[in-house]
Amino acid sequence: MLVLTVIFAEVFRGIVADAVWIGRGYAASEYIPFIVIHLLIIVTGWLFLRQAGKENPVI
């Protein structure tokens, strides 16, 4: 549950929030690196969940 919470927080408080700032006129060049960092955290969390699911399948 913790990993899912972090993933959803990164999507909504990370990527969506950065997109809102860009939409409000802030420089995209300042926020795109943060979006990339958020995406890396999301992908890492997703891969962790997949690996943990293979090791401990829920019956």
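Going by the structure above, here's the rest.
Notes on the structure follow. (Residues numbered from 1 in each chain as written. Predicted model: local features only at pLDDT ≥ 70, side-chain atom pairs only at ≥ 80, totals over all residues. Heavy atoms only, no water.)

So, the overall build of the protein
Right, on to step 1. The helix and strand tally for the protein stands at two helices and zero strands.
Right, on to step 2. Relative to the compact-globule value of 10 Å for 59 residues, the protein shows a C-alpha radius of gyration of 14 Å, a clear excess of over 25%.
Right, on to step 3. Across the protein, the 4 positively charged side chains and the 4 negatively charged ones have centroids separated by 8 Å. (Helix = DSSP H or I, 4+ residues; strand = E, 2+ residues; numbered from the N terminus. Rg over C-alpha atoms; globule rule 2.2 N^0.38 Å. Lys, Arg positive; Asp, Glu negative; His and termini not counted. Charge placed at Lys NZ, Arg CZ, Asp CG, Glu CD.)

Some words on the packing of helix H1 (residues 2-23) against helix H2 (residues 28-55)
Right, on to step 1. Viewed as axis vectors pointing N to C, H1 and H2 meet at an angle of 165 degrees, and their least axial separation amounts to 9 Å. It follows that H1 is roughly antiparallel to H2 by the angle criterion. Crossing handedness for the pair H1 and H2: left-handed. Each of Val3, Leu4, Val6, Ile7, Glu10, Val11, Gly14, Ile15, Asp18, Trp21 and Ile22 in H1 lies in contact with H2, whose residues at this interface are Ala28, Tyr31, Phe34, Ile35, His38, Leu39, Ile41, Ile42, Gly45, Trp46, Phe48 and Leu49.
Right, on to step 2. Residue composition of the contact of H1 with H2, grouped by class: 18 nonpolar, three polar and two charged. (Axes fitted to C-alpha atoms, helices over the stretch in contact; angles between N-to-C directions. Parallel < 35°, antiparallel > 145°, perpendicular 65-115°, else oblique. Left-handed = near helix turned anticlockwise from the far one by under 90°. Contact = heavy atoms within 4.5 Å. Nonpolar A, V, L, I, M, F, W, Y, C, P; charged D, E, K, R; others polar.)

On their own, these measurements won't tell you what the molecule is for.
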